[in-house]
There are 2 protein chains.
Amino acid sequence: MDKIILLILDGLGDWPIGQFGGKTPLEAANTPNLDELAKRGICGVMDTVDIGIKPGSDAAHLSILGYNPYTEYTGRGPFEAAGIGMEVLPGDVCLRVNMATVDEELAVKDRRVGRIDSTEEYARLLDGTEIDGVKFMLKPGTAYRMGMVMRGKGLSSKISDSDPKLVDQRVKKIKPLDDSIGAKQTAKVLNQFLELAYAKLKDLPSNLQRINEGKLPANYLLTRGAGIYPDMVPFQEKWKMKAVCVAGAGLYKGIARVLGMDVIDAPGATGTATSDLNAKMRKVIEVLEDYDFVFVHIKGADSLGEDGNCTGKKEFIEKIDEAVRPLLDLQDTVIAITADHSTPCESLTHSADDVPLVIWAPRGRTDEVSQFGETACFRGRLGRIQGRHLMPILVDKAGRAQKFGA
Amino acid sequence: MDKIILLILDGLGDWPIGQFGGKTPLEAANTPNLDELAKRGICGVMDTVDIGIKPGSDAAHLSILGYNPYTEYTGRGPFEAAGIGMEVLPGDVCLRVNMATVDEELAVKDRRVGRIDSTEEYARLLDGTEIDGVKFMLKPGTAYRMGMVMRGKGLSSKISDSDPKLVDQRVKKIKPLDDSIGAKQTAKVLNQFLELAYAKLKDLPSNLQRINEGKLPANYLLTRGAGIYPDMVPFQEKWKMKAVCVAGAGLYKGIARVLGMDVIDAPGATGTATSDLNAKMRKVIEVLEDYDFVFVHIKGADSLGEDGNCTGKKEFIEKIDEAVRPLLDLQDTVIAITADHSTPCESLTHSADDVPLVIWAPRGRTDEVSQFGETACFRGRLGRIQGRHLMPILVDKAGRAQKFGA
């Protein structure tokens, strides 16, 4: 039986770009190592949730890891909270928070305070707040991200987001999404908390100083992804493999924790475009000794796509290519490289476009694809598959599949 | 309306093989007649159960014949028992048995007694045994196979296998797979029977003589696939066609019988690699007079793949090619040739790899594929389909489809 490395390059998929002569950032990038894997292996394209579905990273990852997002996804909050090591109890409502900048009319000026480095000060300011018997716990995530947990009797996760998703739009009032008393009460208390937080943040000395320095103030909490901690079959039980996650960004560590994987921090792996990918890959190869399955997540390409920075995305892909070089020397290991979704630089957000996939296994079929790219992979022997197919394929290629029937 | 011949070449799919210059046994074989069908017809590849799923032959056949294996498959035993003409009553637990060789520590030395020709003597020895109110009925199948039926009050099929699946591993104790009294009782009685059978077999004069002659003794029953006779919609009711099965191996006759098809024995069709395929095909063409649908099964390629005999598999495929020659002269007949799963010679077992498919119909679309092979068919106009799609396609191509809607 072989081991498996699954490398997810967040937001990798893209569209043809004029300045790249109609190539995508991946196709325009110089990627000799990824291309070598394509030559040795078998390629295809994948719709991580389903054809035409524009997936969030969380739902896409669940699907890729073999969990049905339609029945098992309860919202992003729990993964975000677990990812930054928050202690969560049954009945807690978990939310994802972006630290953001709003103007005096509460119109969003920047959804990430210009990708501020840390939210530690703001989380500390607000953590432990109690309103109407509900306790709010906040903890900083990576960069502009925070996790928030609401604890109290009869709360519901059926509430809307305060995040309008677009700049120059006013922040949204939280609304109950069903008629339950719990949803109404949760929305009401959360609205009160967000008002209180804005009042405290806008006059915070450090924010006044940021304004003086011409920086954006960190003055509003954009909440989204409310969810109740989900009860999922552990990955190890489902796939009969001891699994570990090597990731920088909190969401992916959180997904791994919720699925019962071990989570290992690679030094310098920050979940941003400046992440030390070489150190991350060294860690991957190191932990391969002790695990059957290594889930590796690299975030940068997604953020650069969301920023519309196609040159940055291309260059980051070239950094990835360098970092995966040592994987080519591994033996008795199935290596799969793909993305959770496309984040076309021209769209500044996720799209429903399928993503390229390469699988290199010690044995089995290959194809004639010699380049790792959106168009080349479509000609690959795997054809067009869905996210739910990936784990069964990898388990089969690793010689670990159970026969269905006899 | 046309008639339909569906020819399943068991375990046909394979991987590229070095000694064949990177071709599969099917691609390396000289197959002018199969290639002619590919030229005249339309090709594709098929995942018989689902992408990434490594199917057993039974689950794969159900799926190909239009039955959902996830909801309708109860275990291999009932098909095996029906296939060799055992009389089965409601509540009977049916099991598949391999006659095997174990050493004195009950470690398996050969799971098929070197593919012994007949189990008649051993079945006769053990048939009719009663333990604790449970009657054991045994009947020889082809080669090393037997069918076993347990009859008694309150039995359950939720029991594990004695077959460890690998050589040099000790035979397994039967365990109940749920907490029911029936499962516990069934496991207990079956364990007692297997001990008794071993005691009788190991001292059997014919086995002592086999040992003296340097042959493997037939001294243990490896059981698997316990199931209760399933209640399925008859094939004729489902597809509105009078159907017949022409097969050598018991499992496939059993599946056909359970689905209510007639079963016809072709002279010399033994379900092994030495089967008289020409006689089988003559029988197929003969029975086409009286039936709308002929399901033909050829086993040999699977067994040769499991033995790692890639040259034998290639040569057997050439025998198949010769045998299908007369099909090219048929009129008003849709001909489909495919496999139930891949059995790569390098893996010695089933794999999840898709299988090639060719359909030749008197009318309708064709494509530019001119060779029947794993890679060539992938370029065909049918693309990559699933087993559940095949029957509807064939029924449509035969001009027999009901409109869905109006």
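Here, the structure is the one placed above.
Residues numbered from 1 in each chain as written. Chains lettered and ligands numbered in written order. Predicted model: local features only at pLDDT ≥ 70, side-chain atom pairs only at ≥ 80, totals over all residues. Heavy atoms only, no water.

## Structural notes on the overall build of chain A
For the record, the criterion: Under the DSSP-based scheme used, a helix requires at least four consecutive residues in state H or I and a strand at least two consecutive residues in state E, with every element numbered from the N terminus. Restricting the calculation to C-alpha atoms gives the radius of gyration, and the globule rule supplies 2.2 Å times the number of residues raised to the power 0.38. Note on classification: 1.4 Å probe, protein chains only; a residue is buried when its accessible area is under 20% of the maximum for its type, exposed when over 50%, partly exposed between these limits. Should any heavy atoms of two residues lie within 4.5 Å, those residues are counted as being in contact. For the purpose of counting charges, residues Lys and Arg are taken to be positive, whereas Asp and Glu are taken to be negative. His and the chain ends are not included. Where a charge lies is defined by one atom per residue type, namely NZ (Lys), CZ (Arg), CG (Asp) and CD (Glu).
Counting its secondary structure elements, chain A contains 15 helices and 14 strands. For chain A, whose C-alpha radius of gyration is 21 Å, the value lies close to the compact-globule estimate of 22 Å for 406 residues. Projecting the C-alpha coordinates of chain A onto the three principal axes gives extents of approximately 60 × 50 × 35 Å. Among the 406 residues that make up chain A, the fraction classed as buried is 61%. For chain A, restricting intrachain contacts to residue pairs at least 6 apart in sequence, the fraction spanning at least 24 positions comes to 72%. With 52 positive and 57 negative side-chain charges, chain A shows a separation of 2 Å between the mean positions of the two kinds.

## Side note on the packing of helix 11 (residues 277-287) of chain A against helix 13 (residues 310-324) of chain A
All names here are of chain A. Note the following rule: Here an axis means a line fitted to C-alpha atoms, over the contact stretch when the element is a helix, while the angle between two N-to-C directions is reported on a 0 to 180 degree scale. Helix crossings fall into two classes, left-handed where the near helix is turned counterclockwise from the far one by less than a right angle and right-handed where it is turned clockwise. Amino acids are sorted into nonpolar (Ala, Val, Leu, Ile, Met, Phe, Trp, Tyr, Cys and Pro), charged (Asp, Glu, Lys and Arg) and polar (every other residue, Gly among them).
At a closest axis distance of 9 Å, the pairing of helix 11 and helix 13 adopts a crossing angle of 35 degrees. Relative to helix 13, helix 11 is oriented so that their crossing is right-handed. Mapping the contact onto sequence places L277, N278 and M281 in helix 11 and F316, K319, I320, E322, A323 and V324 in helix 13. Considered class by class, the residues forming the contact of helix 11 with helix 13 number six nonpolar, one polar and two charged.

## With respect to the sheet that holds strand 12 (residues 333-338) of chain B
Residue and element names in this part refer to chain B. We count it as follows: Two strands make a pair as long as DSSP finds a minimum of two bridges between them.
If you walk across this open sheet you meet the eight strands as 10-9-11-1-12-13-2-14, and the pairing is mixed. One side of each edge strand has no neighbouring strand; the edge strands of this open sheet are strand 10 (262-264) and strand 14 (384-386). Adjacent strand axes in the sheet meet at a mean angle of 25 degrees, parallel and antiparallel pairs treated alike. As judged from the five bridges shared by strand 9 (residues 243-247) and strand 11 (residues 293-298), these two strands associate in the parallel manner.

## Digging into the relation of the copies chain A and chain B
Just so we agree on the cut-off: Overlaid copies result from least-squares superposition on C-alpha atoms, with residues included only where pLDDT is at least 70 in both.
Superposing chain A onto chain B takes a rotation of 121 degrees plus a shift of 0.3 Å along the axis, which leaves an RMSD of 0.2 Å. Considering both components of the superposition, the chain copies are consistent with a three-fold axis. A distinct binding surface is used by each copy, with only 5% of the interface residues of chain A retained as interface residues in chain B.

## Details of the pattern of salt bridges
Quick reminder of the rule: A pairing counts as a salt bridge when a side-chain nitrogen of Lys or Arg comes within 4 Å of a carboxyl oxygen of Asp or Glu.
Summed over the entire model, instances satisfying the criterion amount to 52 salt bridges over all chains. In this structure, D354 of chain B engages R381 of chain A in a salt bridge whose closest nitrogen and oxygen atoms are separated by 2.8 Å. Of this pair, D354 of chain B sits in the loop between strand 12 and strand 13 (355-360) while R381 of chain A sits in the loop between helix 14 (374-378) and strand 14 (383-386), on two different chains. Neither D354 of chain B nor R381 of chain A differs from the other in exposure class; each is buried. It is possible to trace a salt-bridge network through shared partners that takes in R365, R381 and K397 of chain A together with D47, D353, D354 and R384 of chain B.

## Some words on a positive patch on the surface
The test is simple: Patch construction takes residues with relative accessible area above 30% that form no salt bridge. Like charges are linked within 9 Å, and nonpolar side chains (Val, Leu, Ile, Met, Phe, Trp, Tyr) are linked within 5 Å. Per-residue and other accessible areas follow the Shrake-Rupley method at a 1.4 Å probe size, with only the shown protein chains counted as cover for residues.
A cluster of basic residues, K54, K165, K172 and K175 of chain A, forms a positive patch on the protein surface. Mapped onto the secondary structure, K165 of chain A falls in the loop between strand 7 (145-151) and helix 7 (181-202).

## A word on the side chain of T48 of chain A
For T48 of chain A, the position within the fold is in the loop between strand 2 (42-47) and helix 3 (57-64). Residues within four places of T48 of chain A in sequence aside, it is in contact with P55, A60, S63, I64, A339, D340, V355, G387 and R388 of chain A.

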